[in-house]
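Notes for the structure review
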Amino acid sequence: MSSIQNKISSIFPFERDIPEEFRLRQQVNQKEYLVNGELRLWDGPVQEVLSPVCVRSSSDVSQKVIGSYPLMTESEAFQVLDAAASAYNHGRGHWPSMSVYDRIAHIEELIRRMPAMKKDIIRLMMWEIGKSRRESEREFDRTVVYAKNSMAALRGMDCASSKFIAEQGIIGRIGRAPLGVVLCMGPFNFPLYETFTTLIPALLMGNTVIFKPPKLGVLLHGPMLGAFRSVFPPGVVNTVFGNGNQVITPLISSGRIDVLAFIGSGRVADLLKSMHPKPHRLRSVLGLEAKNPAIVLPGADLDLAVKECVAGSLSYNGQRCTALKIVFVHSRVAGCFLDKFADEIGKLRIGMPWEKDVTITPLPEPRKTEFLTELVEDAVRYGARIINARGGKVNRTFFYPALLYPVSTGARIYEEEQFGPVVPVVPFDDIEDPVSYIIESSYGQQVSIFGNDAGMIASLADVLVNQVCRVNINSMCQRGPDIFPFAGRKDSGEGTLSVSDALRLFSIRTIVAARDSGANKAIFSEIMKDRKSSLLSSGCPREFFKLEGHLPG
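Attention here is on the structure that accompanies the text. Just so it is clear, the structure is predicted and the values come from calculations on it, not from any experiment. (Residues numbered from 1 in each chain as written. Predicted model: local features only at pLDDT ≥ 70, side-chain atom pairs only at ≥ 80, totals over all residues. Heavy atoms only, no water.)

A closer look at the sheet that holds strand 9 (residues 208-212)
Pairing within the open sheet is mixed, and its 6 strands lie in the order 10-9-8-11-12-24. Both edges of this open sheet fall to strand 10 (237-239) and strand 24 (493-494), since each of them pairs with a single strand only. Pairing geometry for strand 11 (residues 259-263) and strand 12 (residues 283-287), over 5 bridges, is parallel. Residue pairing across strands places Ala-261 opposite Val-285, the latter belonging to strand 12. Along the sheet face, helix 10 (residues 266-275) touches strand 8 (181-185), strand 11, strand 12 and strand 24 and points at about 165 degrees away from the line of strand 11. (Pairing = 2+ DSSP bridges. Helix = DSSP H or I, 4+ residues; strand = E, 2+ residues; numbered from the N terminus. Contact = heavy atoms within 4.5 Å. Axes fitted to C-alpha atoms, helices over the stretch in contact; angles between N-to-C directions.)

Next up, the structure:
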């Protein structure tokens, strides 16, 4: 038996072999939900939570039960909706009426409390969704930086709009106002970061929020509920748990949700939008599927291309919307590219999420390994071969990466998003083949181009920027840095997310205007002098602010 096969066969640990600091000593049963500033105890039916991590016993290997969460009903969902709507109160509530800087102060307090929860959140992230310790820590830290950068961006926006404008005899101050009640639903693969990229800007702009954790990755949000309750006024942040058809359907169908912030499948997004009785009044912020391609041109630096494509297609098991989901390689360099790619897969460390430098871990979605196996078998029927040793081998929730070549147009994986560690490679001789694929694709998020011919790259970039929202040159597809716009064309998204764009998405431009007269100027001066209006009296505070992390100061 090969070393890889042996590792796959024995990948799951005995309980005694799990390091002490990463063990779950008892089940985490989420019994509370947050509504109107109260942590209410749930005593109804619950959903059992299974970890993708299996644990060995003397006689068996089985998925570990790690806890449960409430299966709330329509009744509780409407209580949550009433709380959020009451806190907003048609824009007259305490939170939407606050100044920008008072809201920022509340978010700052939330961020100050988060480091104390880091250890628990990361442990639960590893157990709930199988994300490696390194990736879990990175997600937590990135979430904090995103929140800080959002606050800095809002300060900048407020300063930029703090002056009155005089034009054609009219003076006015342009600002931004909240939209109302926001329903935030994040994805399982980045359950903290992706959720906060909508929740934080929604709150900063004065909206109230109903927050539903993803179906996978529920328990890791538990440590945050107490902080939400303490930091925000009653009803500003509320949570719902349970099945979507029981709690989300009635919320959307009520017509009282003003913004849908959803990251997930297009099928679910379309269904939710269709439920709203006044769809033109519903603003949608959507991050949906993608089938991001890579194009490897002749003359490309193959070592660089392989390094980026391996990371781009297999980081966190390929479970990223920005992952490279299909690779087009010029037939002239395909053989060398595949040899190098297969060799790099063999170097990837497989194991449990807490193991050092692990890349490939168990998959959290039910029956995911069966789905991926079906895609591989289908591609093989259409003429593809599994290039790497042991590619596609399964052990319960674990799936070893499979490199497929040559993948033909008839195979499901040619167009279907795999969202897992399967890498389809397609040979081409005519550059119009991958270009046509991108043009005809239902998706339009990103593309990666690998090559050294400046003229060819320029020509491709000019064409592809009208098909996708980001063209990456000699690098994998990715979301960051967060100052860059993140969006999708076609069926890949709706709205642009970045620290600045997101603030705009969760607000609307407004203006207070008057005739340019001495009397009106005096009124405005009195309002500003005595700070009688949170809108008109807003402006740059004296304290210095800066952008964190990778953003420029």
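Digging into the pattern of salt bridges
Tallied over the entire structure, the rule returns 30 salt bridges. Across the pair Glu-109 and Arg-113 runs a salt bridge, and its minimum N-O distance is 2.8 Å. One end of the pair is Glu-109 and the other is Arg-113, both in helix 4 (residues 100-113) and 4 residues apart, which spans about a single turn. Residue class for Glu-109 comes out partly exposed when judged on its relative accessible area of 26%. Judged by its relative accessible area of 32%, Arg-113 is partly exposed. Among the salt bridges present, the one from Arg-479 reaches Glu-194, with a minimum N-O distance of 2.7 Å. (Salt bridge = Lys/Arg side-chain N within 4 Å of Asp/Glu carboxyl O. Buried < 20%, exposed > 50% of the residue type's maximum accessible area, 1.4 Å probe, protein only.)

Observations regarding the packing of aromatic side chains
With the rule as written, the count across this model stands at 13 aromatic pairs. Relative to Phe-232, the ring of Trp-95 has its centre 5.5 Å away and its plane inclined at 80 degrees; by these criteria the two rings are edge-to-face. Of the two residues, Trp-95 sits in helix 3 (residues 94-97) while Phe-232 sits in the loop between helix 8 (222-231) and strand 10, which places them 137 residues apart along the sequence. Assessed through its relative accessible area of 1%, Trp-95 is described here as buried. (Phe/Tyr/Trp six-rings, centres within 6.5 Å; stacked < 30°, edge-to-face > 60°.)

Some points on the environment of Arg-103
Looking at the secondary structure, you find Arg-103 in helix 4. As for Arg-103 and Val-46, which are separated by 57 residues in sequence, their C-alpha atoms are 35 Å apart. With residues up to four places along the chain from it excluded, the contact list for Arg-103 reads Trp-95, Pro-96, Met-98, Leu-203, Leu-204, Met-205 and Gly-206. Polar contacts involving the side chain of Arg-103 include one to the main-chain carbonyl oxygen of Trp-95, which spans 3.4 Å. (Polar contact = N/O pair within 3.5 Å; in protein donor to acceptor, adjacent residues only side chain to side chain.)

Quick notes on the packing of helix 2 (residues 74-88) against helix 9 (residues 244-253)
Packed helices, taken two at a time, are described by the angle between their axes plus the distance between the axes. Interhelical geometry of helix 2 versus helix 9 gives an angle of 45 degrees and a closest axis separation of 8 Å. Relative to helix 9, the element helix 2 is oriented oblique. Once helix 2 is placed against helix 9, the crossing between them reads as right-handed. Residues Glu-74, Ala-77, Phe-78 and Leu-81 of helix 2 form the contact with helix 9, whose participating residues are Gln-246, Val-247, Pro-250 and Leu-251. When the residues that make up the contact of helix 2 with helix 9 are grouped by side-chain class, the tally is 6 nonpolar, 1 polar and 1 charged. (Parallel < 35°, antiparallel > 145°, perpendicular 65-115°, else oblique. Left-handed = near helix turned anticlockwise from the far one by under 90°. Nonpolar A, V, L, I, M, F, W, Y, C, P; charged D, E, K, R; others polar.)

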